[in-house]
Each structure stands twice: as structure tokens, then as C-alpha cells.
Amino acid sequence: MEATVFNCWLFFLMFSPAVPMCLPTDFTLYVEKPECEFCVAINTTICMGFCYSRDSNMRDILGPRFLVQRGCTYDKVEYHTAILPGCPIEANPVFTYPVALSCHCSACRTDTDECAHRASMDGTKCTKPVRRIYPYPGHSNYVIPF
Amino acid sequence: MGWIRLEGLTVSSVQRHGEGDTFSQHGNTLSLYFCFNFIVLYFHLPLSLYLFLYFQIIATTAMGSLKSPGLSLLLLSFLLYIADSYPNIDLSNMGCEECTLRKNNLFSRDRPVYQCMGCCFSRAYPTPLRAMKTMNIPKNITSEATCCVARHSYEIEIAGIKVRNHTDCHCSTCYFHKI
């Protein structure tokens, strides 16, 4: 009996697809304000992976009716706050960023998200010295700088 | 045949259930139920096979040989099989096959008609500050998505209906994924 169960699972594992799915993934966010002295690196979680989509044989006639187009996006999100070091008070050192708690394959919501094919990543480059900040132990929603 | 032997093993393991069963016997049976269910879902074994096994278990239950948790598990597996039959099910949590040509059985009557389908990469992340300043309406989250679409196709006529037969696929711009 045990051998049958083992063989069954082994057969399943051998033939199951191994493409990474839409999952929360660790990500480093770089925040640089002109008024501040440093470029701040913040560890957060984003959604990244593969989602199923399907083109239609009748798109010319029926349009997008039988199209399946989805992207990996945030399902449950939590907003954390960080205080950027080296920023004057008048420059508003408080920075709020999203943290993905869970992800799913879904349509892009234009009211909350910027829907792009491939966005420019120039905004993630730092021109000032990089400083890292870490979550304060026991306070997941409040980040204290070093 | 392998499936007959598997079915026979499953039913016989169920009939052995009773007082004094060990945890390992229950665990093995549960594992076998899950394993069988995944194999059926992935390889799309005929529904008739599943129904045959299901009613065998029902008959065994009527004789009082099967405990209710096992029957609930089998019912759940059956419902999962039905859910898998719907073509629009989200495969993101069940394994993701690459974007490629697959035969469209609905239109493939006189000759094969192919359709592009599969999984493509996408991600969503916090909008960089520099990019947010250029937006008319600032958005906190930026979503980059690619979708499986036909790279090349040609028009054919099937039963008086003009359809496009896809010949090559790739992950490219999604034009209809916004709401």
C-alpha cells in the first residue's frame, strides 16, 4: 500500500509543470528625493510570476470576448510607512509604500494601478549614497530609520 | 490495465477501514485520494472513470464500510474535477504551461485550427517616485504584464465563419487586461 502511494506521488511530481506561479517576492525599493541627502533602500514584497492567458481565433469578429488576459498583481496589500533619513521637515520625510500580502492573476485596475507593458526602471537608480532601513521589531506597520 | 488495478486497490483499502485502523492506513488512503485526483486533473482521464469509482465508493458507504471524512474528501475531489472542466479556470495556482500553440477542438473539424495559450511573465511593484511625478493621476502601484498572443496567423473559413488560424505565439503586449 505504501509503495503504491509513493509511486503515485512520484509519478505526479515527475510530470507536474515547474513554472513559477504568481507569488509574493522580496524586492528592494529605492527611494530618492531631491531634497534629501540619501537614497533609501527599503525591503518590501511585490507580486511577480506567470499567469495564464489565451488569444482568440475570432478576435476580428467578436473582439476580446473570448480573450483571457491577466497579469500578476496584488491581491491583499498592506501599506507601510517609513521615515526617510537625511530629509528636512519641509520636504515631508514620510514615505508610504505597498507590501504584498498575497498575489493573484487578475485584470489591471486602472483606478489604482498604472497598467504598462514594460515600464522604465530609471526611477530605481540612485544618484546619492544608499542607506538601508529595516522594520522595527514588533511593529510591522511602522519603520524606524537607522 | 493500470487504472483498473488502481481502482481495485483504492476500493479494497476502503473496505478494510473499520475499528482499530492505524493512522498510517488513514494517511495512506488520504494520500492516495489526493494523488489520484491530481493525476486525473492533469492527464484529463475520462469523467466516466471518475464517476465509476465515485459510485463504487457510494455503494461501499451504504454498507457502512467507509467513514464520512473519506467520502467528503472524494466529493471534494469530484467537485475539483468538474471545476477543472471549465476552460477559463485560473491556472496560476495549478501549474503554468508555456505560451504555445494548442489545437482548438471547437474549430478543428475539416482541418486543425490552432490557438495560442499559455503562461507569460508579469509583475506589480510600487511605482518609483520619479515615475510617479510624471503621472497626471499618481498611482502607487505599477503593473507590467505580458500576454500570450499570436505572432503570426492567417484567415480561414470554417462553416462560413471567418476565423484566424494561429501559426506562431509569443508573450507580448496585453491590450485587453485593463478594467
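This text follows the structure it describes.
Along every chain, residues carry numbers that run from 1 in the direction the sequence is written. Ligands are numbered from 1 and chains lettered from A, in the order in which they are written. Per-residue local features are limited, in this predicted model, to residues with pLDDT of at least 70; the limit for side-chain atom pairs, both in listing and counting, is 80 or more; totals at the level of whole chains, interfaces and linings are taken over all residues. Only hydrogens and water are set aside when side-chain values are computed; all heavy atoms of the structure are taken into account.

**Focus on the overall build of chain A**
Phase 1: Of regular secondary structure, chain A possesses two helices and seven strands.
Phase 2: Ordered by position from N to C terminus, the α and β elements of chain A give α-β-β-α-β-β-β-β-β.
Phase 3: Accessibility here uses a 1.4 Å probe with only protein chains present; expressed as a share of the type maximum, an area under 20% marks a residue as buried, one over 50% as exposed, and anything in between as partly exposed. Within the span of chain A, comprising 146 residues, buried residues form 42% of the whole.
Phase 4: By sequence separation, contacts in chain A at least 24 residues apart represent 62% of the contacts at least 6 residues apart.
Phase 5: Each accessible area value is a Shrake-Rupley result obtained with a 1.4 Å probe; residue values ignore everything except the protein chains displayed when judging cover. Of the roughly 7,900 Å² of accessible surface on chain A, a fraction of 59% belongs to carbon and sulfur atoms. For the purposes of this entry, the term helix denotes a DSSP run of H or I that reaches at least four residues, the term strand denotes a run of E that reaches at least two, and both are numbered from the N terminus. Should any heavy atoms of two residues lie within 4.5 Å, those residues are counted as being in contact.

**Some words on the pattern of salt bridges**
Phase 1: Any Lys or Arg side-chain nitrogen found within 4 Å of a carboxyl oxygen on Asp or Glu counts as a salt bridge. Scanning the entire structure with this criterion turns up seven salt bridges over all chains.
Phase 2: Among the salt bridges present, the one from B:R164 reaches A:D60, with a minimum N-O distance of 3.5 Å. With B:R164 in strand β4 (residues 161–173) and A:D60 in helix α2 (residues 59–62), this residue pair bridges two chains.
Phase 3: Residue class for B:R164 comes out partly exposed when judged on its relative accessible area of 24%.
Phase 4: For A:D60, a relative accessible area of 56% puts it in the exposed group.
Phase 5: Here B:R123 and B:E144 are joined by a salt bridge, their closest N and O atoms 3.0 Å apart. Here B:R123, found in strand β2 (residues 114–126), pairs with B:E144, found in strand β3 (residues 141–158); they are 21 residues apart in sequence, far enough to count as distant. Across the pair, exposure class does not vary: B:R123 and B:E144 are buried alike.

**Remarks on the state of the cysteines**
Phase 1: The disulfide criterion used throughout: a pair of cysteine sulfur atoms within 2.5 Å. Counting across every chain of the model gives 11 disulfides over all chains.
Phase 2: Each disulfide pairs two cysteine sulfurs, and for A:C36 the partner residue is A:C87, the sulfurs being separated by 1.7 Å. On the sign convention where negative is left-handed, the bridge of A:C36 and A:C87, at about 115 degrees about the S-S bond, is right-handed. Pair noted here: A:C36 is in the loop between β1 (23–32) and β2 (39–54) and A:C87 is in the loop between β3 (71–83) and β4 (94–106), with a separation of 51 residues, a long-range link. A:C87 shares its class with A:C36; the two are buried.
Phase 3: There is a disulfide in this structure between B:C99 and B:C148, and the S-S distance comes to 2.0 Å. Between B:C99 and B:C148 the sulfur-sulfur dihedral comes to about 75 degrees; the bridge is accordingly right-handed. Of this pair, B:C99 sits in the loop between α4 (68–84) and β1 (100–103) while B:C148 is found in strand β3, placing the two residues 49 residues apart along the sequence.
Phase 4: B:C99 gets classed as buried once you look at its relative accessible area, which sits at 14%.

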